[in-house]
Every structure is written in C-alpha cells, then in structure tokens.
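# What the coordinates show
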Amino acid sequence: ILRLLSNRNNKISDLMQEFFVSRATIQKDLAKIETLLEPFDLKLQRQGSVGTNIIGKERRMRNLMFEIMLGDASIPTLNNLLTQNTENTTGEYLFYGLDLTDDEIAHLIKIVELKIPTLKQAYTPVFLTHLFVRLLIVLKRHEINQDVTLTEAFKKELMQYEGTFEVAESLVESLNTYLKKTLPKDETTYIQAYVIAYLPGSTLTHHDTQQIQQFIERLISKWSELLTIDFTKDTLLKQQLIEHLNAVYLRVKHGIQISNPLLYDILDQYPHTFEIVSR
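Residues numbered from 1 in each chain as written. Predicted model: local features only at pLDDT ≥ 70, side-chain atom pairs only at ≥ 80, totals over all residues. Heavy atoms only, no water.

## Overview of the overall build of the chain
Counted only if it meets this: Numbering of helices and strands runs from the N terminus, with a helix taken as a DSSP run of H or I at least four residues long and a strand as a DSSP run of E at least two residues long. The contact criterion used throughout is that any non-hydrogen atoms of two residues lie within 4.5 Å. The method behind every accessible area is Shrake-Rupley, applied with a 1.4 Å probe, and residues are considered shielded solely by the protein chains displayed.
When helices and strands are tallied, the chain shows 15 helices and four strands. The dimensions of the chain, computed from C-alpha atoms along their principal axes, are 65 × 40 × 40 Å. Across the chain, the fraction of contacts at a sequence separation of at least 24, relative to all contacts at a separation of at least 6, is 66%. Looking at the chain as shown, the accessible area adds up to about 15500 Å², and 53% of this sits on carbon and sulfur atoms.

Here it is as structure tokens:
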C-alpha cells in the first residue's frame, strides 16, 4: 500500500521484481488491498500497461498512509530518533515502500529542531511521532505531485487557533529546506490542522466548549450511576475530560484519526470499565 501511495502507475512486473514474488501473489495481494481501501472510500485502479494506482480524495489517501505507517515495525525506530539520539543511524530503510532511510529522517528531525527548538516540549512523545508521520506523508505525496487542496472555509476556521499557523509554517519551511523546493500554501494549513489536534488543551469556541461541558456532565452522571461511585465532585476528572475532549472534538470534526498505543492493554486489564465508558 505504501508503495502504491508513494509512486505513480505501479506496474505488476515492477512490483514482482521489488517484492520478489510471483504475479499470482501480487494479484492476490491487490485483491486484499481492495478490501482494505473500502473503509477509506478509496479504490484500486488497474490500467493494464499503464499500471496500478489508488484513487480517491487526497486527505483519505493520506489517512490510509497514516494508518499503515502507525502499524509498521519502523515506528519504534522513529520514536527513538525523536526522543533520543539522531546520530546513531545505519542507513536502513524505514516504512518499506517509501524509500526513506533512518539517516534521511534524522536529517529532517534536525532541521525541524533548529527551526522549532520547543517542539518536543509542546507535544507528548506519541503525538510528536504522529506529527512527524504526517510530515513524512506530505513529503512523499508531494514527490509524486499529489498535493492537498483545502477549502477557504476550512482555512478560515483554523485561523481562530492563535499561534498554530506559525508553528505549521515553520514545519513546512523545514520540509522546504529538506526538499530544496517550496511546498504549496495549502500544505501549511493541512499541517496546521494536526498541530491543533495534537496540541494539549487546544482552545475551542465558547459554543463548542459549552456543548462539551454539558456532555461531560451527562457522562459523569451516567458513570456514577453504572459504577455506583460518585464522580460528580471530582473536579480533576472534569478538568482532564475537558482538556481531552477538546482535542477529541477537533479530531472528529476534521476527520483526524489517532492511534492509542495503550488500547489493547486497556481492553485486557480494564474490560468492565471500558464497557461502561463505551455505553
């Protein structure tokens, strides 16, 4: 999938050579990929001698890339590059299919750190990784001339979050330095959406905040009833839910998905609580 989304007109013969498999295996894999594309409202386009492509809306294709990359075995290496040392690189490929080595990614990380020295302090390690995955996606999609196009209404809406456009601008300038070319302006707004969504305690409009607070009151009341524990006087719980759901609201509103690395631990260790929260 990453190869299809980082290259144009992928011929079956080229895929056979790259992955060292038969034509039948490629055809079987493509059939499986078609089912994986359905939830993203994307389609596989096979054009004989021209090649095979994934088609659909650009933001959906990027969301698919994000989902695949977060599940990739390269994520721990990216985490280490972001949180520890960018010097100990080996030149090995990360996210096979994207043609990106660990030293190339380390180079981008250094450029970003020079441009925004406080970035690591602003985000949790998980969200910092998510943000860099988004940057890598912008980089690879631009290489094949697949830039994002956003509406003026969407861009105007994001401008209410003060200071976030400037952070996104610095991130895109870092990509420009890395690529030695200038990305389209809409890519800055695209990155801004994730700067907002991953930033703890993003500020919403008064109307949105009121709605979330009312929802939290109902949520806590229901939990108190189902678990027979009085949560209504727990001010810290309310405060943390407001901060968390502010970010959740933004992600849902703008179709920004994240991956919770603790999900399976939660399901395993707290199945009853998870069921209550789901209800």
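## Here's the deal with the layout of surface pockets
The condition is simple: A pocket here means an open set of points on a 1 Å grid, computed over the protein atoms alone, that has protein on both sides within 12 Å along at least five of seven lines. A cavity is instead a set of points where a 1.4 Å probe fits but cannot get out; residues with an atom within 4 Å of a point line either one. Grid points are joined across faces, edges and corners, and a volume is the space filled by probe spheres set on the points.
What the largest pocket holds in volume is close to 720 Å³. As for the largest pocket, its lining consists of 20 residues, and the residues nearest its centre are Trp 223, Leu 241, His 244, Ile 266 and Val 277. Those elements that place two or more of their residues in the lining of the largest pocket are helix H12 (206-227), helix H13 (235-253), helix H14 (263-269) and helix H15 (271-278). The element contributing the most residues to the lining of the largest pocket is H13, with five residues.

## Focus: the nonpolar core
The tendency in soluble globular proteins is for nonpolar side chains to be buried as a group. Under the convention used in this document: Throughout this description, the term nonpolar core refers to a set of buried Ala, Val, Leu, Ile, Met, Phe, Trp, Tyr and Cys residues connected via side-chain atoms within 4.5 Å. Note on classification: 1.4 Å probe, protein chains only; a residue is buried when its accessible area is under 20% of the maximum for its type, exposed when over 50%, partly exposed between these limits.
Ranked by size, the top nonpolar core spans 68 residues in total, and within it Ile 54, Phe 95, Ile 105, Leu 119, Leu 171, Ile 191 and Tyr 198 carry the most contacts. Sort the elements by how many residues they give to this core and helix H8 (residues 125-143) lands first, with 10 residues. Excluding its chain neighbours within four sequence positions, the residues that come into contact with Ile 105 are Leu 78, Leu 81, Leu 94, Phe 95, Leu 100 and Leu 136. In this structure, Ile 212, Ile 216, Ile 220 and Phe 231 belong to the second largest nonpolar core, which totals nine residues.

## Observations regarding the environment of Ile 55
Here Ile 55 is to be found in strand S2 (residues 52-55). Assessed through its relative accessible area of 35%, Ile 55 is described here as partly exposed. With residues near it in sequence (within four places) discarded, Ile 55 still touches Leu 42, Lys 43, Gln 45 and Met 61.

## Quick notes on the pairing of S2
Applied cut-off: Strands pair, by our definition, only if DSSP identifies at least two bridges between them.
Bridge count between strand S1 (residues 43-46) and S2: four bridges; the pairing is antiparallel. Counterpart to Lys 43 in the pairing with S2 is Ile 55. Hairpin connection between S1 and S2: a loop of five residues separates the two successive antiparallel strands, and Gly 48 in this loop has a positive phi of roughly 55 degrees.

## Focus on the packing of aromatic side chains
The criterion, for reference: Any two rings among Phe, Tyr and Trp, with Trp reduced to its six-membered ring, count as a pair given centres within 6.5 Å; such a pair is stacked if its planes are under 30 degrees apart, edge-to-face if over 60, and tilted if neither.
One pass over the full model with this rule turns up four aromatic pairs. Where Phe 19 meets Tyr 96, the ring centres are 5.8 Å apart and the plane angle is 65 degrees; that geometry is what we call edge-to-face. Pair noted here: Phe 19 is in helix H2 (residues 12-19) and Tyr 96 is in the loop between strand S3 (93-94) and strand S4 (100-101), with a separation of 77 residues, a long-range link. Phe 19 gets classed as partly exposed once you look at its relative accessible area, which sits at 34%. On the accessibility criterion, Tyr 96 (49% relative accessible area) is partly exposed. Pairing Tyr 190 with Tyr 194 gives two aromatic rings, centres 5.1 Å apart and planes at 65 degrees, and the pair type is edge-to-face. On the criterion of helical spacing, the pair formed by Tyr 190 and Tyr 194 is a turn pair, its members being four residues apart in helix H11 (residues 186-198). One aromatic cluster is present, built from ring pairs that chain together Phe 127, Tyr 190, Tyr 194 and Tyr 198.

## Thoughts on the side chain of Asn 53
As for its placement among the helices and strands, Asn 53 is situated in strand S2. When residues no more than four places from it in sequence are discounted, the contact partners of Asn 53 are Asn 7, Arg 8, Asn 9, Asn 10, Lys 43, Leu 44, Gln 45 and Gln 47.

## Points about the packing of helix H6 (residues 102-115) against H8
Note the threshold: Where helices are involved, their axes are fitted lines through C-alpha atoms of the stretch in contact, as for all axes, and angles between N-to-C directions lie from 0 to 180°. Roughly parallel covers angles under 35 degrees, roughly antiparallel covers those over 145, roughly perpendicular covers 65 to 115, and oblique covers all other angles. Helix crossings are classified by the rotation of the near helix relative to the far one: an anticlockwise turn of less than a right angle makes the crossing left-handed, while a clockwise turn makes it right-handed.
Two elements in contact, H6 and H8, have axes separated by 12 Å at closest approach and are oriented at 110 degrees. When the axis of H6 is compared with that of H8, the two are roughly perpendicular. Judged by the sense of rotation from one axis to the other, the crossing of H6 with H8 is right-handed. The residues of H8 that touch H6, namely those facing Ile 105, Leu 108, Ile 109 and Val 112, are Phe 132, Leu 136 and Leu 139.

Scope: geometric values only; no functional claims are made or implied.
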